[in-house]
Protein chains: 2
Amino acid sequence: MSTIRDVARLAGVSISTVSLTLNTPERVATETRRKVAEAAEAVGYSADPIAQSLKRGRSRLIGMVVSDITNPFFGRFLQEIERHAMAADHLVIVSDTSSQIRNEIAILRHLAAQRVSGILLQPTGPMTGPSDHIRQLSMPFVLFDHRLDGVESDFVGADNALASSMLTEHLIRLGHRRIAFLGGTSGLYTAEERKRGFLATMAASGVPADPAIVVDARYDGRHGYEQTMRLMTGPDRPTALIAASNVIALGALQACNELGIACPAEVSLAGIDDVPWAAVVQPRITTAVQPIEDLARTASELLMRRITAPPGTVIDRSEIILAPEIRLGGSTARPA
Amino acid sequence: MSTIRDVARLAGVSISTVSLTLNTPERVATETRRKVAEAAEAVGYSADPIAQSLKRGRSRLIGMVVSDITNPFFGRFLQEIERHAMAADHLVIVSDTSSQIRNEIAILRHLAAQRVSGILLQPTGPMTGPSDHIRQLSMPFVLFDHRLDGVESDFVGADNALASSMLTEHLIRLGHRRIAFLGGTSGLYTAEERKRGFLATMAASGVPADPAIVVDARYDGRHGYEQTMRLMTGPDRPTALIAASNVIALGALQACNELGIACPAEVSLAGIDDVPWAAVVQPRITTAVQPIEDLARTASELLMRRITAPPGTVIDRSEIILAPEIRLGGSTARPA
DNA sequence: TACGCGTGTCGAACCGGTTCGATAAGCGGC
DNA sequence: GCCGCTTATCGAACCGGTTCGACACGCGTA
């Protein structure tokens, strides 16, 4: 690889002039500019990003930290982020916390050491959990999906309450009154919001929500399965189920299949988040889907805005909540 | 952040001694070692990875390049890689080529500029496609999943031919003779291998393979769907289908559902690669699954072996082919 | 003619480490 | 008492850029 010194020698100028030409061409005479450009071209020069990082105190890397990369939601999200980052000449370092706060802390420390120019973080843990390690970050960051109390920052997420409201309203309109809610891990922002939307809509519609059938399925297929088993074999079983996530919904569907309870004839099922391979899961599940591309694009833009802002600029914090979209499937119908 | 100079000052030694202590403690007197350790601890010192990268010409980053991150196979794979990398104190830069060779070239160039210590690459394009940009890589790399002619390197992959052989044999043993093969993108290593396994097993079993029902479904759900539509509505329709990938299988299943052709009563279906949410796809599809964790672990180990080897060491190239595992589902049965 | 100013270029310091060659101290052998 | 060897430490060069202050030059003005 050629260095800036090679270019300087060939162009017959000093290395500072070369650097100047590359970074602030308007400060360099036209003729010099041409010579440097030719020399750089001739030796195939491109600046070493590591040396730049060292001097500038910032690299052209972006960190993305999520709780579980295998979740298809994050896969899609990552793909979009990577695309945007690439367009802005940045690479993406991705890391999985497995929902462990101590992993999150360690990863953020690593990213800080690498002087990443920005971080996209889906924080783990309860809303009121520890957040010092996030608040003290020295580079721009954007939280997404999951909100955290006590952290002043840009945030991008879907309207979780609205998502369950839409599903709840849809079921009520179909005539359901005994609706069970298979919630996400309690304490988590998204889980609480989704539950809140459900309860609020039930209340607003004058339909009583029985606390005995508003359960915690921990964003987990197995729990979704087990809770559904319990609900559907217990007394006074619900005529409809709302699952707080795609994996919970699939667990629920599996339980119904095994119990021989037909969906939607005997029970309606709706869930939040797109179900991968939705087309082949029979019946097709009614879902409220998050607009992944929009979320990712917005998060990228918010982050890039801060990264590219001249130092010292004050940028107001943005909270962007995007509306989900309801996608009706064959899994919801009028109660028997 | 504190620098090595702070530590040196506090410990009352030179910066070279501090560096020596941290990198080759055995060359430093015990007493000095203690003083340095204490000083480092006191100021909370940890070496700047960027400065180290600049001087050493190598960073503690690993690149992982795949054709499509949203594919659940790669999601799982990435998660494992990231875990292993983290354990070895490395971060993972992930990049998606969208199966475009020009993206692959650009990404590899970026990774090289970042002086990543190693690269895990699922190369894109046909086996005989361009590979100069890979061969010229200046750092250790391991190819996985997809092989490339003309590149001497470590390789880790599943036994693709064996995977389709196992499925083919299973179907033949059940009594099928007219078996269709929904192949992957022709020209791609995995696709050719999978087809080869199918044809070889058919031939070895004395069952004629009708070329008219050995088709190309391009590793794509829509093509799987369309080809199945064509096959199942045409004359002399097959009694069994083998899909070269999970998405093809799902497309095929959807087509059968829509045509009202019952599986497995009227047609058997088997596929390669795990089907996500397998538990809720009815019927459960018989698959030959790749051992993802083993593949990822092996790839990590091969790469780390090269990364940590003292420079100049010659390491024989390894090609590791792991056997898939067959998982029987309800989608395959005796022909009517 | 002298002065001040704007423009273009340059040398040198610096970012934070690693590493090589030099040097000094300690020690045993003759 | 001196030589030579080992061991511990250090100074300085270097990795490849960026940036600040200095400086030379040409020009218009007083």
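Residues numbered from 1 in each chain as written. Chains lettered and ligands numbered in written order. Predicted model: local features only at pLDDT ≥ 70, side-chain atom pairs only at ≥ 80, totals over all residues. Heavy atoms only, no water.

## Some thoughts on the environment of E41 of chain B
So, point 1. Counting through the fold element by element, E41 of chain B comes out in helix 3 (residues 30-43).
So, point 2. Sequence separation of E41 of chain B and V7 of chain B is 34 residues, and the distance between their C-alpha atoms is 8.8 Å. (Helix = DSSP H or I, 4+ residues; strand = E, 2+ residues; numbered from the N terminus.)

## With respect to the domain arrangement of chain A
Where interface size is quoted, it is often the accessible area lost as the parts come together.
All names here are of chain A.
So, point 1. Here chain A is partitioned into domain 1 (4-47), domain 2 (56-158 + 292-322) and domain 3 (160-290).
So, point 2. The gap between the C-alpha centroids of domain 2 and domain 3 is 30 Å.
So, point 3. Across the contact, 12 residues belong to domain 2 and 8 residues belong to domain 3.
So, point 4. For the pair domain 2 and domain 3, the summed buried surface comes to about 940 Å²; carbon and sulfur atoms form 57% of the total.
So, point 5. Looking only at domain 2, the three residues that lose the most surface to domain 3 are M127, D145 and A158, adding up to 42% of its buried area.
So, point 6. Linking domain 2 with domain 3 are 0 salt bridges.
So, point 7. Along the contact surface separating domain 2 from domain 3 lie 5 residue pairs in polar contact (both at pLDDT 80 or more).
So, point 8. Taken together, the elements giving at least two residues each to the side of domain 2 that touches domain 3 come down to helix 5 (72-87), strand 5 (154-158) and helix 12 (292-308).
So, point 9. Looking at the side of domain 2 that touches domain 3, its residues break down into 8 nonpolar, 2 polar and 2 charged. (Domains from an automatic or database assignment. Contact = heavy atoms within 4.5 Å. Buried area = accessible area lost by both parts, 1.4 Å probe. Salt bridge = Lys/Arg side-chain N within 4 Å of Asp/Glu carboxyl O. Polar contact = N/O pair within 3.5 Å; in protein donor to acceptor, adjacent residues only side chain to side chain. Nonpolar A, V, L, I, M, F, W, Y, C, P; charged D, E, K, R; others polar.)

## Considerations on the interface of chain A and chain B
So, point 1. In this complex, chain A contributes 40 residues to the contact, which on the side of chain B involves 40 residues.
So, point 2. Of the roughly 4000 Å² buried between chain A and chain B, counting both surfaces, carbon and sulfur atoms make up 69%.
So, point 3. Between R115 of chain A and D48 of chain B there is a salt bridge; the shortest N-O distance is 3.7 Å.
So, point 4. Our count for the chain A to chain B interface comes out at 12 residue pairs in polar contact (both at pLDDT 80 or more).
So, point 5. If one sorts the elements of the side of chain A that touches chain B by residue count, helix 5 of chain A sits on top with 7 residues.
So, point 6. When grouped by side-chain class, the residues that make up the side of chain A that touches chain B number 23 nonpolar, 10 polar and 7 charged.

## Comments concerning the protein's contact with DNA strand D
So, point 1. Residues in close proximity to DNA strand D total 26 residues, the closest being I4, R5 and S19 of chain A together with T17 and T32 of chain B.
So, point 2. Restricting the count to atoms of DNA strand D within 4 Å of the protein gives a sugar and phosphate share of 57%.
So, point 3. Here a phosphate oxygen of DNA strand D sits 3.1 Å away from a polar atom, N or O, in the side chain of R56 of chain A.
So, point 4. In the environment of DNA strand D, a phosphate oxygen lies 2.9 Å from a nitrogen or oxygen atom belonging to the backbone of S14 of chain B.
So, point 5. Sorting the residues of the surface near DNA strand D by element identifies helix 1 (4-11), helix 2 (15-23) and helix 4 (49-56) of chain A together with helix 2 (15-23) and helix 4 (49-56) of chain B as the ones contributing at least two each.
So, point 6. If one sorts the elements of the surface near DNA strand D by residue count, helix 4 of chain A sits on top with 5 residues.
So, point 7. Looking at the surface near DNA strand D residue by residue, the classes come out as 11 nonpolar, 10 polar and 5 charged. (Near = heavy atom within 4 Å.)

## Side note on the side chain of T32 of chain B
All names here are of chain B.
So, point 1. Positionally, T32 belongs in helix 3.
So, point 2. On the basis of relative accessible area, T32 is assigned to the buried category, the value being 17%.
So, point 3. In contact with T32, other than residues within four places in its own chain, are V13 and T17. (Buried < 20%, exposed > 50% of the residue type's maximum accessible area, 1.4 Å probe, protein only.)

## Considering the side chain of E82 of chain B
So, point 1. Relative to the assigned elements, E82 of chain B resides in helix 5 (residues 72-87).
So, point 2. Within the buried set, E82 of chain B has no salt-bridge partner at all; the shortest N-O distance to an opposite charge, 7.8 Å, is to R83 of chain B.
So, point 3. Within polar-contact distance, the side chain of E82 of chain B engages the side chain of S95 of chain A at 2.4 Å.
So, point 4. Ignoring anything within four residues of it in the chain, the contact list for E82 of chain B reads V94, S95 and D96 of chain A together with V92 of chain B. (Lys, Arg positive; Asp, Glu negative; His and termini not counted.)

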